[in-house]
Amino acid sequence: MKLLQKLSLILFLSFTGMQAGAAQQIENIVVLTTDGLRWQEVYQGMDPVLAADKEYNQGDSAGIAAKYWAPDPMQRRAKLLPFMWQYVAQHGQLYGNRALGNKVNVANPHRISSPGYSEIFTGFVSPDLTSNALVNNPATNVLEFINQQAGFKGKVAAFGAWEAFSYILNEPRSGVPVVAAFEPTGGPQPTPREQLLNQMLCQSFKPWGQHECLDVFTHHAAMEHLKERKPRVLYIAYGETDEFAHAGEYKHYLNAAHQFDEYVKAIWTYIQSNDRYKNKTLLFITTDHGRGDKVKSEWTSHGSQVAGAEEIWFAVLGPTIRPTGEVKEAATLYQKQFAQTLAGLLGLQFKAAHNVAESIKIPVNKK
């Protein structure tokens, strides 16, 4: 027994040292979320049942099949998310393929967006966020915690397609600038490109009213901020996957997921082309909730009554992250662990008035 205890201690200290080594080389983090993208599409690609269903395929099953169909799920997922499977899988780690027993769950019982995003960034299940109502989140989030640390003040920012992000991240209290939905970007001195983006955003088609803008505006506003203001921590939240799923438009849902993959590629390409970020920056990619699948018609839905809506996924890519690819070990991880994981990879310990879940032990390479 004593020998086993000693071996366990040695392994624990070794792994802790490995994580500390990672934190010394990871200087910046970019967090990306795409709302309600199911693990089923991430790991299996296009669902042939949904693609063939006239209720969901928008009368274009042939077009969907031409773009995303392949007989093997691994080929289908690579067609849908080529950067994820041709690059991230080769150089990073992907979690949440439940077919392999690797599970990632939301811990909150609501399985909707505001509680999910709060869980990601506060590290616990808030009793105050039970709906998507626009109320300032009283819980401290990891972005505001990082913004208060030496070397990070004024170097943390967030961009979200949905108006609720200003409330979820409690912009007035946190001090983290949040550009959400149709808010103009660039602050008091926008660059010429930001001025153009603001004009285009104002005049753009608004399929979801003033509540949410198209992802293209959020993406390019965040990219301009990244290039011009060089934040150390940046959060970008895309929303079209959820909107098209709720509408039952599987073709648009797939296209939005494919476009998200293109956005991830563009961000990583820029990061690796810039000396300030190259080989110093981590990408953390995930979603806020899952969707139904046990009952096929529930793929459009999520919530406490929808089976499978608690099932999510995440991926990490960056310096010292061991390139294990698709994680195949049986395990159950939780969304509430993300906040401490992000802090830990920067060499910080996230502390708040509420309890914060322990970090996920991300395998890293020794220095």
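So, how was this worked out
Residues numbered from 1 in each chain as written. Predicted model: local features only at pLDDT ≥ 70, side-chain atom pairs only at ≥ 80, totals over all residues. Heavy atoms only, no water. Helix = DSSP H or I, 4+ residues; strand = E, 2+ residues; numbered from the N terminus. Rg over C-alpha atoms; globule rule 2.2 N^0.38 Å. Buried < 20%, exposed > 50% of the residue type's maximum accessible area, 1.4 Å probe, protein only. Contact = heavy atoms within 4.5 Å. Areas by Shrake-Rupley, 256 points an atom, 1.4 Å probe, with all protein chains shown as cover. 1 Å grid on protein atoms, 1.4 Å probe; cavity = no way out; pocket = protein on both sides within 12 Å on 5 of 7 lines; lining within 4 Å. Points joined across faces, edges and corners; volume = space filled by probe spheres on them. Nonpolar A, V, L, I, M, F, W, Y, C, P; charged D, E, K, R; others polar. Phe/Tyr/Trp six-rings, centres within 6.5 Å; stacked < 30°, edge-to-face > 60°. Lys NZ or Arg CZ within 6 Å of the ring centre and 35° of its normal. Pairing = 2+ DSSP bridges. Axes fitted to C-alpha atoms, helices over the stretch in contact; angles between N-to-C directions. Parallel < 35°, antiparallel > 145°, perpendicular 65-115°, else oblique. Salt bridge = Lys/Arg side-chain N within 4 Å of Asp/Glu carboxyl O. Core = buried A, V, L, I, M, F, W, Y, C linked by side-chain atoms within 4.5 Å.

Trainee: Got a minute to help me understand the overall build of the protein chain in this structure?
Mentor: Each helix and strand in the protein chain was counted, giving 15 helices and eleven strands. The C-alpha atoms of the protein chain give 20 Å as radius of gyration, which agrees with the globular expectation for 367 residues (21 Å, within 12%). For the protein chain, the spread of C-alpha atoms along the three principal axes comes to 65 × 55 × 40 Å. Out of the 367 residues in the protein chain, the part that is buried amounts to 56%. Considering only contacts within the protein chain whose residues lie at least 6 apart along the sequence, 72% involve residues at least 24 apart. Within the structure as shown, the protein chain displays about 15,500 Å² of accessible surface, and the carbon and sulfur contribution to it stands at 54%.

Trainee: Looking at this structure, I do not really get empty space enclosed by the protein. What am I missing?
Mentor: Take a probe with the size of a water molecule and roll it over the atoms, and the empty space left behind shows itself. Tallied over the entire structure, the rule returns one cavity of 30 Å³ or more. Estimates place the volume of the largest cavity at around 90 Å³. Glu183, Leu201, Phe217, Thr218 and Ala221 are, among the 13 residues lining the largest cavity, the residues nearest its centre. Secondary-structure elements contributing two or more residues to the lining of the largest cavity are strand E4 (156–160), helix H11 (192–203) and helix H12 (215–229). Of the residues assigned to the lining of the largest cavity, the class counts are eight nonpolar, four polar and one charged.

Trainee: I would appreciate a short explanation of the packing of aromatic side chains in the present structure.
Mentor: Centre-to-centre distance and the angle between the planes together describe a pair of aromatic rings. Tallied over the full model, the rule gives 20 aromatic pairs. Their ring planes at 90 degrees and their centres at 6.0 Å tell us that tryptophan 162 and phenylalanine 165 sit as a pair that is edge-to-face. With a relative accessible area of 15%, tryptophan 162 lands in the buried category. An aromatic cluster of three or more residues is present, and its members are Tyr117, Phe121, Trp162, Phe165 and Tyr235. Sitting over the face of the ring of tryptophan 85, arginine 77 holds its NZ or CZ atom 3.6 Å from the ring centroid. Positioned above the aromatic ring of phenylalanine 152, the side-chain terminus of arginine 232 is 3.9 Å from the ring centre.

Trainee: Can you help me understand the sheet that holds strand E11 (residues 331–334) in this one?
Mentor: The strands making up a sheet associate through hydrogen bonds between their backbones, and the pairing can be parallel or antiparallel. The strand order across the open sheet built from three strands is E8-E3-E11, with neighbouring strands paired in mixed fashion. Unpaired on one side and paired on the other, strand E8 (311–312) and E11 mark the two borders of the sheet. Relative to E11, strand E3 (residues 102–105) runs parallel, the two sharing four bridges. Along E11, the bridge assignment pairs asparagine 102 with alanine 331.

Trainee: Just checking my understanding: could you explain the packing of helix H5 (residues 73–80) against helix H6 (residues 82–91) for this structure?
Mentor: The description of two helices packed together rests on the angle between their axes and the distance between the axes. Between H5 and H6, the least distance of the axes is 4 Å, while the angle of their chain directions is 105 degrees. In terms of their interaxial angle, H5 and H6 are classed as roughly perpendicular. Along the contact surface, H5 presents Arg77, Ala78, Lys79 and Leu80, while H6 presents Pro82, Trp85 and Gln86. Taken together, the residues that form the contact of H5 with H6 break down as four nonpolar, one polar and two charged.

Trainee: Whenever I open this one, the pattern of salt bridges confuses me. Can you help?
Mentor: A side chain with one charge may pair with a side chain of the opposite charge, provided their charged atoms come close. Counted according to the given criterion, the structure contains 13 salt bridges. Between glutamate 310 and arginine 111 there is a salt bridge, and its shortest N-O distance comes to 3.4 Å. Of this pair, glutamate 310 sits in the loop between strand E7 (281–286) and E8 while arginine 111 sits in the loop between E3 and helix H7 (113–122), placing them 199 residues apart in sequence. Three or more residues joined by partner-sharing salt bridges are found here, namely Arg38, Glu41, Asp47, Asp293 and Lys296.

Trainee: Would you explain the layout of surface pockets in this entry?
Mentor: The calculated volume of the second largest pocket comes to roughly 200 Å³. At the level of secondary structure, the elements contributing two or more residues to the lining of the second largest pocket comprise E4, strand E5 (178–180) and H12. With four residues, the top contributor of residues to the lining of the second largest pocket is E4. Broken down by class, the residue content of the lining of the second largest pocket amounts to nine nonpolar, five polar and two charged.

Trainee: Help me understand the nonpolar core in this model?
Mentor: Proteins that are soluble and globular tend to have nonpolar side chains buried together. Counting residues in hydrophobic clusters, the biggest one holds 52 residues, and the most contacted among them are Leu32, Met84, Tyr250, Ile267 and Leu283. Here leucine 283 is in contact with Val30, Leu32, Val264, Ile267, Trp268, Ile271, Ala315, Val316 and Leu317, once residues within four sequence places are set aside. Core analysis: the second largest hydrophobic core is formed by 46 residues, Ile26, Val31, Leu282 and Val327 among them.

Trainee: Sorry, what's going on with the sheet that holds E5 here?
Mentor: With mixed pairing, the eight strands of this open sheet are ordered in space as E5-E4-E6-E1-E7-E9-E2-E10. The sheet is open, and its two borders are formed by E5 and strand E10 (325–326), each paired with just one other strand. Across the sheet, H6 is in contact with strand E2 (93–95), E7, strand E9 (314–317) and E10; its angle to E9 comes to roughly 65 degrees. Each of E4 and strand E6 (233–238) is contacted by H12, which is oriented at about 170 degrees to E6, the strand it contacts most.

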